[in-house]
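Each chain is listed here by its residues.
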Amino acid sequence: MSIPEIALNNVSKTYNPGLFKKKVQAVQDLTLEVGRGEVYGLIGPNGAGKSTTIRVLLGLIRPDGGEILFRGEPLRHGEFQKEIGYLPENPYLYDYLTLEEILQFCGRVSGCAAEDRRRRIDELTGKLQLDEALRRPLRAFSKGMLQRAGICFALLHDPSIVILDEPMSGLDPLGRKLVFDIVLELKEQGKTIFFCSHILSDVERLCDRMGVLVKGRLARTFARQDFAASQAAELHLLLPAADDNLRAELETLPGRLAAVAEGLLLSIPPSRLTETAAVLARLGVEIRGTRAERVSLEELFIATVEGGVS
């Protein structure tokens, strides 16, 4: 078995907000691995601990317990930081500098030769359509332009590991497509990509695996091949919303029950349709629709978050 590129083993982090205030357990016994060349997406509701996980991984904050490994060895940040590119959710760039100046500064700090800096700056700003803004001060940039500038900053030194916290934040449809194409290109180059996003359609399209974080714990992990294969063999019944007692009855049926916008979605093996329909008829529950295509990631995400951590 190959050694994972990065691994977190039983990592926990608690924040102390101050005197007389309750401590906040942001991450609890978190264990996950990201393999070399893998695209791993971490998703979860607001406050689930996604950004804390990234900050612990980068060494920006110290965990209370657990260990972080880089290629099988305890993390040494001097070595690790040369290999990574990081985009925070809200990148702060010196607004009195031009994009050219800050990228040149970034390249020098990263140890890039002048010729390589020039090539990478031209390449990245061209792909992200910022080449005409190179000599404009960053204070004149829109939020979406700053987000794309932050991606240039993160990728300038050609890192082998790319960590992105909400990379699509503040982008218009054109900006989202540009960033999406960049991530796909990094994936094709065999880079290791770890990112958090609220845009589940992007996570589903880009990722090899997806982890769902709920209250600081890893509730479930979806592998791409498992995700497609397991859902294709299911039949999905759309049911009306139900009160707690009726929902408890429905949860005893074979398969999985998930809340969706239209009511409830019961996913069952096709072979169990006849007996399930009979039970639903006895309970007076109308089947409002059926479909055989796979459940969306959004539906599975909601079901996982509602179910919590087992």
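Up top is the structure these notes are about.
Bear in mind that the values here come from a model prediction, so they are computed numbers and not experimental data.

## Focus on the packing of aromatic side chains
Taken as a whole and assessed by the stated rule, the structure comprises three aromatic pairs. Relative to Tyr 94, the ring of Tyr 92 has its centre 6.0 Å away and its plane inclined at 75 degrees; by these criteria the two rings are edge-to-face. Overall, Tyr 92 belongs to the exposed group, its relative accessible area being 63%. Take Tyr 94: its relative accessible area is 40%, and that puts it in the partly exposed class. Relative to Tyr 96, the ring of Tyr 94 lies with its centre 6.1 Å away and its plane at 50 degrees, an arrangement referred to as tilted. Put simply, the rings of Tyr 92, Tyr 94 and Tyr 96 pair up and form one aromatic cluster.

## As for the pattern of salt bridges
In the structure shown here, the tally under the stated rule is 19 salt bridges. Measuring nitrogen to oxygen at the nearest pair gives 3.9 Å for the salt bridge that ties Asp 29 to Arg 217. With a gap of 188 residues between them, Asp 29 in strand β2 (residues 24–34) and Arg 217 in strand β10 (residues 217–223) connect regions that are remote in the sequence. For Arg 217, a relative accessible area of 31% translates into the label partly exposed. Arg 288 serves as the salt-bridge partner of Glu 286, at 3.8 Å between the closest nitrogen and oxygen. Judged by its relative accessible area of 49%, Glu 286 falls in the partly exposed class. Each of Asp 116, Arg 119, Arg 120, Glu 123, Lys 127 and Glu 185 takes part in salt bridges that share partners, so that together they form one network.

## Examining the sheet that holds strand β1 (residues 6–15)
Pairing in this open sheet of four strands is antiparallel, and the strands run β2-β1-β4-β5 from one edge to the other. Each of the sheet's edge strands pairs with one partner strand only, and the pair in question is β2 and β5 (73–74). Here β1 pairs with β2 via seven bridges, running antiparallel. Pairing of Thr 14 across the sheet is with Gln 25, part of β2. Packing against the sheet, helix α1 (residues 50–58) makes contact with β1, β2 and β4 (65–70), and its axis sits at approximately 115 degrees to β1.

## Things to note about helix α4 (residues 114–127)
Compared with an ideal rise of 1.5 Å per residue, which puts 14 residues at 20 Å, α4 spans 20 Å between its outermost C-alpha atoms and is within 8% of the ideal. Taken together, the buried positions of α4 are occupied by Arg 117, Arg 120, Ile 121, Leu 124 and Thr 125. When α4 is viewed along its axis, its buried side chains cluster within an angular range of 115 degrees and face the same direction.

## Looking at the side chain of Arg 117
Mapped onto the secondary structure, Arg 117 falls in helix α4. Salt bridges are absent for the buried Arg 117, whose nearest opposite-charge side chain, Glu 100, sits at 7.7 Å. Those residues in contact with Arg 117 that sit more than four places away from it in its chain are Gln 104, Gly 107, Arg 108, Cys 112 and Leu 156.

## Focus on the sheet that holds strand β8 (residues 192–196)
Across the sheet, six strands lie side by side as β6-β7-β8-β3-β9-β10; this open sheet has mixed pairing. Every other strand in the sheet has two partners, leaving β6 (84–87) and β10 as the edge strands with one partner each. Here the average twist between neighbouring strands, direction ignored, is 15 degrees. Where strand β7 (residues 161–165) meets β8, five bridges bridge the pair, whose relative direction is parallel.

## Observations concerning helix α5 (residues 143–155)
The end-to-end C-alpha distance of α5 is 19 Å, a good match for the 18 Å that 13 residues give at a rise of 1.5 Å each. Judged by how many residues are buried, α5 sits mostly within the fold: 10 of 13 residues are covered. Every buried residue belonging to α5 is among Gly 144, Met 145, Gln 147, Arg 148, Ala 149, Gly 150, Ile 151, Cys 152, Ala 154 and Leu 155, and all of these are buried. On the buried face of α5, the contacting elements are β6, α3 (99–109), α4, β7 and α6 (173–188).

## Side note on the pairing of β4
Strand direction decides the pairing type here: β1 and β4, joined by five bridges, are antiparallel. Counted as the bridge partner of Ala 7 is Leu 69 from β4. Relative to β5, β4 runs antiparallel, the two sharing two bridges. Looking at β5, one finds that Phe 70 is bridged to Glu 73. Hairpin connection between β4 and β5: a loop of two residues separates the two successive antiparallel strands, and Arg 71 in this loop has a positive phi of roughly 55 degrees.

## A closer look at the environment of Phe 153
Relative to the assigned elements, Phe 153 resides in helix α5. Residue Phe 153 is classed as partly exposed on the basis of its relative accessible area, which comes to 29%. Along the sequence, Phe 153 and Leu 283 sit 130 residues apart, while their C-alpha atoms lie 59 Å from each other. Filtering out sequence-adjacent residues up to four positions away, Phe 153 remains in contact with Leu 93, Ile 102, Leu 103 and Cys 106.

## Examining the packing of α5 against α6
Between α5 and α6, whose axes approach to 11 Å, the crossing angle comes to 20 degrees. Here α6 runs roughly parallel to α5, going by the angle between their axes. Crossing handedness for the pair α5 and α6: left-handed. Each of Arg 148, Ile 151 and Leu 155 in α5 lies in contact with α6, whose residues at this interface are Leu 178, Val 179, Ile 182 and Leu 186.

Cut-offs applied
- Residues numbered from 1 in each chain as written.
- Predicted model: local features only at pLDDT ≥ 70, side-chain atom pairs only at ≥ 80, totals over all residues.
- Heavy atoms only, no water.
- Phe/Tyr/Trp six-rings, centres within 6.5 Å; stacked < 30°, edge-to-face > 60°.
- Buried < 20%, exposed > 50% of the residue type's maximum accessible area, 1.4 Å probe, protein only.
- Salt bridge = Lys/Arg side-chain N within 4 Å of Asp/Glu carboxyl O.
- Helix = DSSP H or I, 4+ residues; strand = E, 2+ residues; numbered from the N terminus.
- Pairing = 2+ DSSP bridges.
- Contact = heavy atoms within 4.5 Å.
- Axes fitted to C-alpha atoms, helices over the stretch in contact; angles between N-to-C directions.
- Expected span 1.5 Å × (residues − 1).
- Arc of directions from axis to C-beta.
- Lys, Arg positive; Asp, Glu negative; His and termini not counted.
- Parallel < 35°, antiparallel > 145°, perpendicular 65-115°, else oblique.
- Left-handed = near helix turned anticlockwise from the far one by under 90°.

These results come straight from atomic positions and should not be treated as a statement about function.
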